[in-house]
Amino acid sequence: MYYKKLYPIHKRFSSVITFRKAESIHTISRNSLISPLTSFQNTEELELLLQTCSDPSNLLQAKQIHAHSIVHGITNNGLLGAKILGTYVLCNNFVDAKKMFYQLKLYFAMPWNWMIRGFIKLGRSDFALLFYFKMLGCKVCPDKYTFPPVIRACSGLNNVRLGKMVHDTMLLMGFNVDEFVGSSLIKLYAENGCIEDARCLFGKMPHKDCVLWNVMLNGFVKCGKSNSAIQVFEEMRNSETKPNPITFASILSLCSSEAMLQFGTELHGLVVICGFQFDPLVANTLVAMYSKCGQLFDARKLFKIMPETSVVTWNGMIAGHVQNGFMNEASHLFSEMIAAGVKPDSITLASFLPSVVESANIKQGKEIHGYVLRHGVNLDIFLKSALIDIYFKCRDVKMACKIFNQSTLIDIVVCTAMISGYVLNGLNYEALDTFRWLLEEKMCPNAVTLASILPACAGLATLKLGKELHANIIKNGLDGKCHVGSAVVDMYAKCGKLDLAHQVFSRMSEKDAVCWNAMITNCSQNGKPQEAIHLFHQMGMLGMSYNCVSISAALSACANLPALRYGKEIHGFMIKGTLNSDLFSESALIDMYGKCGNLSTARQVFEMMQEKNKVPWNSIIAAYGSHGHLEDSLALFHKMLQNGIQPDNITFLTILSACGHAGQVDKGIQYFRCMTEEYGIPAQMEHYACMVDLFGRAGRLNEAFETIKSMPFSPDGGVWGTLLGACRLHGYSELAEVASGHLLDLDPENSGGYVLLSNIHADAGQWGSVRRIRSLMKERGVQKVPGYSWIEINNITHMFFVADGSHPQSALIYSLLNNLLSEMRKEGYVPQSYIQMHPQTSALS
């Protein structure tokens, strides 16, 4: 950009100018204007006429005055010529302004000031600053009218550094910072993160008008410093300057974004006292504040008594209903808006589209997209992001990409929408490619972008990239934000680094429910159910409110432990609270009771549910299937169909698993075909693993192997591990070699494959192969993960590992076991080794 070249010029100028020199330049300029002007009698009259030409409608009159000055030979007169130039700028006639500028003697500031103002009006802040520095290079000293537009140019480029240099020049030349310059500087500092500089300058201002107070107040609001904004508002009220509608709109917008309902209600009373309740700006902000704070009745009441409503008013109502989850009401409001003859704009549509996403109504989304195209609605950043979001959430990835590629209007918001959409659809590589592209385009990722890309790292288990992103987050001071911290915790946990996840979680200064839920869920899913329950308890002790995610995660931990007592306590909490009718929490409750062996209570919870979708049906079918009650499980499946609930891939997964537990191979094949042929549900990796397990348990290893070979995608380690387990059960050593080869290639650090293969060779008496496999484990540094068992006695869960001595009553337990074994031997019991012992070992026994 041009302004990058301007610093050396400014520095050179600043190093030589002094107040004394500035004073002499001003004196020379003023003296040089006196003699030419006094020689013309009609000059003052022309200047008075020019003062009336400040609007484009007066352009013809301005040109007539210019022509008159040419006839009388006074066009090149400095002051009059500069005023004609200024009139052309005010009338938006920049072509004649440019011609006039180059006809003048440019030895004083006024013509330069007008040209700088003209470029500001054109939106060319870069050229405005170039003219300012060209003015300095021509040794023309700025006056007090030069600096306001120059500061505005710095604001236009968001260049705080240059703004500070211009500010220093003003002070060097002895100019006071008046209200106009001060408001421009404060706005520049506040909008670019230098809020303390803005506050310091604001405090030094001798006179503060309403505009200055509003600029400072709005600066704190935009920076999210609610306490400071409220303090400025109170100081303003105690000063001689009284708030105006802009003041109230600014402070009410803070109440809206921060959900400060009580303070917002108090402000509403003050608005009524001041007589601004029907001012369109204030009324619209009040409607938006009540809507976003969940007080939709009050918003609707205010909306109805407003004498005049605009598209802004309707937008506030629609956005409030969408954000509070009232999607049907938002749809009705949208229809009312159209019927009232109010034309939706890009903000309306961007606010309304999330309601379409909630219902996954792709047809309605396409209708809105068509409306945008037919009526030429401005496809701004937010509307474009909303359209991309709905297509991704309705699984139309191709259309989302088409919208992204169609327009050159791309910023970090649109890129973040693309990244989130790719991750939602499991396209993690594409999400990473988009992230790399935005970095190449010199876009700066914000907190939302980083929170969106981290799940892609988690999905691909790219720990190295995840750590690099975490370092960038810390470097930019974003690690304190809850949603970013939650994403980092989740990334480390899903990459198998639960210890690092816990460290990040512990260091977070602020934790919301999302952070706690992420940590509880990850502990539950990564083999730390006791830690998950402890975190759940700690969350409640710190006064955090539980939601359906917290409850579901804690119940899942109870199911994995299992810990029936904790599960019952959570069930009691659900009954007392407001989560008793939440579908997902109740489904987790069914799953917990089923896995803890209390099938009757699981069925009781299911039957008492007022509303059921496929999630609780899947839970109860799985509970009966895991207990070996295949007929009951299938009966529930058919009852589900009779109730009009369509099965999904999870439903059939539970049925296939139940068939495997019951050894019903033919029924398993029947329901597998039913899933793919009748319901058109494509089989996933888990379904094929169930079929392999089904054939394997029945000893039909060849069919199991053929199932693997018929898979439309490459089998993962779980499928090969299932086949290997079946080979161990039925002694198929040759097929075991094939399965283990694939398994160890896919998951070389998993000890289970080595142990299974070693046991198969031990069963066959192939001790050389056993030694080879164990040597391979040592070479690769693979440690055997010890198995454990548990038992719950008097509501306390006790866990035991092989040869465990950590239990406080281990001495008593082993003494009792020895007594039991001794009694069993007396009764004729002969121990049978699960794994055949090596001849040398058996000779020693």
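Residues numbered from 1 in each chain as written. Predicted model: local features only at pLDDT ≥ 70, side-chain atom pairs only at ≥ 80, totals over all residues. Heavy atoms only, no water.

**Remarks on the overall build of the protein chain**
Regarding its fold elements, the protein chain presents 48 helices and 2 strands. Residue burial in the protein chain is summarised as follows: out of 845 residues, 47% are buried. Considering only contacts in the protein chain between residues 6 or more positions apart, those separated by 24 or more positions represent 60%. Of the accessible surface of the protein chain, which amounts to about 43,500 Å², a share of 54% is contributed by carbon and sulfur atoms. (Helix = DSSP H or I, 4+ residues; strand = E, 2+ residues; numbered from the N terminus. Buried < 20%, exposed > 50% of the residue type's maximum accessible area, 1.4 Å probe, protein only. Contact = heavy atoms within 4.5 Å. Areas by Shrake-Rupley, 256 points an atom, 1.4 Å probe, with all protein chains shown as cover.)

**Some words on unusual backbone geometry**
You will see that Lys442, though not glycine, has its phi angle at about 65°, which is positive. Assignment of secondary structure puts Lys442 in the loop between helix H26 (428–440) and helix H27 (447–460). Overall, the relative accessible area of 75% leaves Lys442 in the exposed class. In the Ramachandran plot, Ala461 falls in the positive-phi region, its phi being about 55° despite a non-glycine side chain. Relative to the elements of secondary structure, Ala461 occurs in the loop between H27 and helix H28 (463–475). Judged by its relative accessible area of 47%, Ala461 is partly exposed.

**Quick word on the UniProt feature "repeat: PPR" (unreviewed entry) in the protein chain**
In the UniProt entry, the feature "repeat: PPR" (unreviewed entry) is given for residues 209–243, 310–344, 411–445, 512–546, 582–612, 613–647 and 648–682. Within the segment residues 411–445, helix and strand shares are 74% and 0% respectively, and the terminal C-alpha atoms sit 10 Å apart. For residues 582–612, the end-to-end C-alpha separation is 10 Å, with 74% helix and 0% strand making up the annotated structure. (UniProt positions renumbered as here; feature names shortened; annotations may be inferred.)

**Section: the packing of aromatic side chains**
Two aromatic rings, taken as a pair, are described by how far apart their centres are and by the angle between their planes. Taken as a whole and assessed by the stated rule, the structure comprises 24 aromatic pairs. Here the aromatic cluster, defined as three or more aromatic residues joined through ring pairs, consists of Phe101, Trp112, Phe119, Phe127 and Phe131. Here Arg565 stacks its cationic end above the ring of Tyr566, 4.5 Å away from the centre of that ring. The aromatic ring of Phe606 is capped on one face by Lys612, whose charged end is 5.1 Å from the ring centroid. (Phe/Tyr/Trp six-rings, centres within 6.5 Å; stacked < 30°, edge-to-face > 60°. Lys NZ or Arg CZ within 6 Å of the ring centre and 35° of its normal.)

**Some remarks on the side chain of Asn428**
Tracing the backbone shows Asn428 in helix H26. If sequence neighbours within four positions are ignored, Asn428 has contacts with Tyr422, Val423, Pro455, Ala456, Gly459 and Leu460.

**What to know about the side chain of His470**
Among the structural elements, His470 can be located in helix H28. A relative accessible area of 9% places His470 in the buried class. Aside from chain neighbours lying at most four places away, what touches His470 is Val488, Tyr492, Val504 and Arg507.

**Concerning the packing of H26 against H27**
Look at H26 against H27: their axes get within 9 Å of each other, and the N-to-C directions meet at 140°. Judged by the inter-axis angle, H26 sits oblique to H27. The crossing of H26 and H27 is left-handed. Between H26 and H27, the residues in contact are Asn428, Tyr429, Ala431, Leu432, Phe435 and Leu438 and Thr449, Leu450, Ile453, Pro455, Ala456, Cys457, Gly459 and Leu460, respectively. (Axes fitted to C-alpha atoms, helices over the stretch in contact; angles between N-to-C directions. Parallel < 35°, antiparallel > 145°, perpendicular 65-115°, else oblique. Left-handed = near helix turned anticlockwise from the far one by under 90°.)

**Digging into the environment of Val221**
Tracing the backbone through its elements, the reader meets Val221 in helix H13 (residues 210–222). The spatial distance from the C-alpha of Val221 to the C-alpha of Ser257 is 9.4 Å, given a sequence separation of 36 residues. Residues within four places of Val221 in sequence aside, it is in contact with Ala229, Ser250, Ser253 and Leu254.

**As for the packing of helix H6 (residues 94–103) against helix H7 (residues 109–121)**
Across the interface, H6 lies against H7 with an axial gap of 11 Å and an inter-helix angle of 155°. Between H6 and H7, the angle falls in the class roughly antiparallel. Handedness of the H6/H7 crossing: left-handed. Of the residues in H7, those touching H6 at Phe94, Ala97, Lys98 and Phe101 are Pro111, Trp112, Met115, Gly118 and Lys121. Considered class by class, the residues forming the contact of H6 with H7 number 6 nonpolar, 1 polar and 2 charged. (Nonpolar A, V, L, I, M, F, W, Y, C, P; charged D, E, K, R; others polar.)

**Let's talk about helix H29 (residues 482–494)**
The α-helix winds at 3.6 residues per turn, so residues separated by three or four positions along the chain end up facing the same way. For H29, spanning 13 residues, the distance from its first C-alpha to its last is 18 Å, which sits close to the expected 18 Å at 1.5 Å a residue. With 11 of 13 residues buried, H29 is to be regarded as a mostly interior element. If you check which residues of H29 are buried, you get Cys482, Val484, Gly485, Ser486, Ala487, Val488, Val489, Asp490, Met491, Tyr492 and Ala493. For H29, the secondary structure elements touched by its buried residues are H27, H28, helix H30 (498–507) and helix H31 (513–525). Just downstream of H29 lies Gly496, where phi reads positive at about 85°. (Expected span 1.5 Å × (residues − 1).)

**Focus on the nonpolar core**
Looking at soluble globular proteins, one finds that nonpolar side chains tend to be buried together. Residues Leu85, Ile251, Ile388, Met592 and Leu723 are the most contacted members of the largest nonpolar core, which totals 245 residues. Among residues more than four places away in sequence, those in contact with Met592 are Leu555, Cys558, Ala559, Leu564, Gly567 and Lys568. (Core = buried A, V, L, I, M, F, W, Y, C linked by side-chain atoms within 4.5 Å.)

**Some points on a positive patch on the surface**
Taken together, the side chains of Arg117, Lys121, Arg152 and Lys187 make up a positively charged region of the molecular surface. Following the sequence through the fold, Arg117 ends up in helix H7. (Patch = residues over 30% accessible without salt bridge, like charges linked within 9 Å, V, L, I, M, F, W, Y side chains within 5 Å. Salt bridge = Lys/Arg side-chain N within 4 Å of Asp/Glu carboxyl O. Lys, Arg positive; Asp, Glu negative; His and termini not counted. Charge placed at Lys NZ, Arg CZ, Asp CG, Glu CD.)

**Remarks on the pattern of salt bridges**
Tallied over the entire structure, the rule returns 16 salt bridges. Between Glu235 and Arg199 there is a salt bridge, and its shortest N-O distance comes to 3.3 Å. With Glu235 in helix H14 (residues 226–238) and Arg199 in helix H12 (residues 195–204), this pair connects stretches of sequence that are 36 residues apart. Of the residues examined, Glu235 reaches a relative accessible area of 30% and is grouped as partly exposed. Given the relative accessible area of 25%, Arg199 is considered partly exposed. In this structure, Lys393 and Asp389 form a salt bridge, with 3.3 Å as the shortest nitrogen-oxygen distance. In this pair, Lys393 and Asp389 are both assigned in helix H23 (residues 381–393), 4 residues apart and thus about one turn of the helix distant. Classification of Lys393 by relative accessible area gives partly exposed; the value is 39%.

**Some remarks on the environment of Met491**
Position of Met491 among the secondary structure elements: in helix H29. Take Met491: its relative accessible area is 0%, and that puts it in the buried class. Residues within four places of Met491 in sequence aside, it is in contact with Leu454, Cys457, Ala458, Leu463, Gly466 and Lys467.

**Considering a nonpolar patch on the surface**
Residues Tyr814, Leu816, Leu817, Leu820, Leu821, Met824 and Tyr829 make up a contiguous nonpolar surface patch of about 630 Å² in total accessible area. Among the structural elements, Leu817 can be located in helix H47 (residues 810–826).

**Examining helix H41 (residues 685–697)**
With 13 residues, H41 extends 18 Å between its outermost C-alpha atoms, agreeing within 8% with the 18 Å of an ideal straight helix rising 1.5 Å per residue. Residues Met685, His687, Tyr688, Ala689, Cys690, Met691, Val692, Leu694, Phe695 and Gly696 constitute the buried set of H41. Packed against the buried residues of H41 are helix H39 (649–662), helix H40 (665–678), helix H42 (701–709) and helix H43 (717–730).

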